[in-house]
Amino acid sequence: MTLSLSAQNVVKRYGGVVALSDGNLEVNSGEVVALIGANGSGKSTMSKVINGVVVLDRGQLLLDGKPVQFNSPHDAKQMGISTVFQELSLVPQMTVADNIWLTREPLGPGGVVNRKMVTAKTEELLALFAGTFKIDLRPDALVSELPPDEKQIVEILKAVSFNPRLLILDEATASLDSRQVQRLFELVAKWKTQDKAIVFVSHRMEEIFRIADRYSVLRNGKTVGAGAMKDITENDLVRLMVDKESVFSFSRAAAQQNQKPVCLEIKDLKTATLRGVEISVREGELVGIGGLQGQGQRDLLLSLFGDISFAGSIQYNGKPVHFRHPRQAMKHGFALVPGDRAREGLLYIRSILENMQLPSWARYGFLLKLGKARQDAANMGNSLNLKMAGLDEPVSSLSGGNAQKVVIGKWLMRQPSLLLLDDPTKGVDVGTKAEFYELLTRLCEEGKTILFYSSDDDELVGLCDRVLVLHDGKIQTELAGAALTKENLVAASLGVEHGGAQ
Amino acid sequence: MKRFNLNALMTRNPALFALILLVLAIVVNYILQPNLFARDTLNSNMRVFLPIILLSVGQAVVILGGGIDISVGGIVSIVNTILATRVGLEGSPEAMWQYVAVSLLAGVLAGAINGFFIAYLRLQPIITTYATSFLYFGFALFILPNPGGGIPAQIASLYRNTSPLGLPLAFYVIAIVLGAWWYIRSTRYGNYLFAVGGKAQAAYETAVPVTLVQFSTYVISGLMAAFSGIAITMLSGSGNAEIGSAMTLNSITAVVIGGTAMSGGVGGVAGPIMGAITLGLIQNIISFAQINTWWETLVKALIIVIALATPGIINLFKITSQRAIGRPE
């Protein structure tokens, strides 16, 4: 069953905000089309128009040459269009099996769901990703108990279980480790030969070049370019997206030997996932934390910030510290940019001003000096090049990259001396990423110390003085200088021993 | 390392807590009233508990689906006043069964009105049903402005004294309700209900008919409220437009002690049934312990608050002990 879908001159407004002004996309059976664009460029809206979650205001959808109208996800599903949602369409309180087969449960006599068959069919699907799970993933596990990568895989399997003609993968690799991405790409290659059409939405340039046959670039709601992947280079693609040259050529922090004193000394740090971590960091250093997802990176940053309990000793500026509450960490000049922006980093429906000043209100007196607070927040916004309609707009009105600037801004307001960053560029567009890289380099030059976890290997290699690779709750390898290459980083992430370590 | 996870345990066995509470209430009640399990005592207890049990089951379905129904008491009152005025003390059994059918239709209609506003016009459940509760109580008062009327004694006695095989009638009703719930839970509709209550947006994106499912929960609740109204009318034998007013909050309380999350998507019907029985037993205990009625409400409220707070308190202790382990030597 082949398919060809073409979206033409799509316009979509949310209230007064134009999400798409002229969106175009064409996809046919047996090919992977990468839908690319900076955050807020309309990628998600475009995929939601195709899968019926939002109804377009103007323009048209042609399916197999005939105009169609999707008023609900149900309409699109009927036509064989299925989606892996960026925000996941899973019900946390239900089991893996129930989630995957929701609406298509095999029924027995009297309309009773045949649970045995549901389980068996789920096991068949789980086998597609067999061997890539840290812990065995079972059909009767509750989705709320799964780690992010397994949730993501369940979401993928759910979309696949519809046996779609067109599969939309919206940031489907964001939570996956490299083995899981590899497996997904093998499956995508197989689906291509089965005449499925695939739309691949991603920020990761390397993945786009690995998997896509064609590309379609959105910028500010408008399709600005489309063509075959083989005819375009990474730099040209980036230029199309941001209209700004060479964003990836960020300068690496000067590689001179840092002779400043050690300011952070961690010994034998243990939590539920960490099994004895030792780290020492010099003042003004930008230390990268690498490794596959979920090897304890999050626990490391959270325990330093006093957010979770831990065992072990931490010395900061020569004094032993053991924070039991983030408040204590903040008093010592620590700041944490958490991994889940929407849930942990921001009060989404509150204003930019409130978010920016949340950790700092105490400095504005008992009766708040609002004018001063506004001024300070506005200055911080300007210095971070924050694009906003006004300080009183809710954070939810911002694109991902700008929302992340608010998270970073609210900590910079406090002049922290140690920054803990948990994958700060996840879901952030390339233009903003480049600004972050500059910012981090500048902060280090100012003498701030940064611990920087990233799921993007290129970032770690390009930006950090040295990278500590976590594997199974321990530091597997430390990479620095000439040994800090992407190949070594990937090898260490997978737990492979190699001679490049210092 | 497999850690004990209270939340996961509660998600998988939502009725566990209700069961513990029920056993506790039975034990205390038994100590105060040694003939608790005697046939007559059992029967007289269960026939009093049944109206709230039925109401809680309907409430549980709505709450599972992510809503709440504050208007159930009003529906009980409408049904009670319809039966008390239309059938009358001298009425025939035929008239009674006829108006039982009318009552059930009235319950479904009232539920459908709630469902229409909430599911199709997307109004807030708590505000909508609060508003319609006045509508329904007002309608009940319109039917029967002053307490009075009634149903034939023989029918009331049928409800009060029937005990096939020596077991109270209520046991059979509960068994039928549990059977029906088990069936619904096993169908696709059951999955839809949990999905909509758990995360409506995810359900919508998966092409679940979210609006229809939400609508249906209020219709079910209306129907169960009608059954509850029929039961309480047969119990009391008379009519009173205010009869349902105290029942709404009890139905919600029963659902909550029954382990059904107010946020929806977790729980079932067995827990709320146990919760409703527990509430009734607490009432018994209070009267047998000869607590001054002045204290009754306070004691009842305290027991409910403690029951509700227990999972949170257990969690709190768990966190504190974890923190202690994490301390350096």
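These remarks concern the structure in this document. All values derive from a computational prediction rather than experimental measurement.

1. Brief notes about helix H7 (residues 153-161) of chain B
All names here are of chain B. Taken together, the buried positions of H7 are occupied by Ile155, Ala156 and Tyr159. All buried residues of H7 project into a common sector of 100° when viewed along the axis, lining one side. Away from the buried face of H7 by more than 90 degrees, exposed residues Ala153 and Gln154 are located. Buried residues along H7 sit against helix H3 (39-64), helix H5 (93-120), helix H8 (169-186) and helix H11 (210-236).

2. What about the packing of helix H9 (residues 188-198) of chain B against H11(B)?
All names here are of chain B. Two elements in contact, H9 and H11, have axes separated by 10 Å at closest approach and are oriented at 100°. Judged by the inter-axis angle, H9 sits roughly perpendicular to H11. Contacts between H9 and H11 pair Tyr189, Tyr192, Leu193 and Val196 from the former with Val210, Val213, Gln214, Ser216, Thr217 and Ile220 from the latter.

3. A look at the pairing of strand S13 (residues 286-290) of chain A
All names here are of chain A. Counting buried positions along S13 gives five out of five residues, so the element sits mostly inside the fold. Where S13 and strand S18 (residues 449-453) come together, four bridges link them in parallel fashion. If you follow Val287 over to S18, its bridge partner there is Leu451. The sheet contact formed by S13 and strand S19 (residues 466-471) spans four bridges and is parallel. The partner of Val287 across the bridge, within S19, is Arg466.

4. Let's talk about the state of the cysteines
Counted under the stated rule, the structure contains zero disulfides over all chains. The thiol of Cys464(A) is not disulfide-bonded; the next cysteine sulfur, from Cys444(A), is found 8.6 Å away.

Thresholds, definitions, all that
- Residues numbered from 1 in each chain as written.
- Chains lettered and ligands numbered in written order.
- Predicted model: local features only at pLDDT ≥ 70, side-chain atom pairs only at ≥ 80, totals over all residues.
- Heavy atoms only, no water.
- Buried < 20%, exposed > 50% of the residue type's maximum accessible area, 1.4 Å probe, protein only.
- Helix = DSSP H or I, 4+ residues; strand = E, 2+ residues; numbered from the N terminus.
- Arc of directions from axis to C-beta.
- Contact = heavy atoms within 4.5 Å.
- Axes fitted to C-alpha atoms, helices over the stretch in contact; angles between N-to-C directions.
- Parallel < 35°, antiparallel > 145°, perpendicular 65-115°, else oblique.
- Pairing = 2+ DSSP bridges.
- Disulfide = S-S within 2.5 Å.

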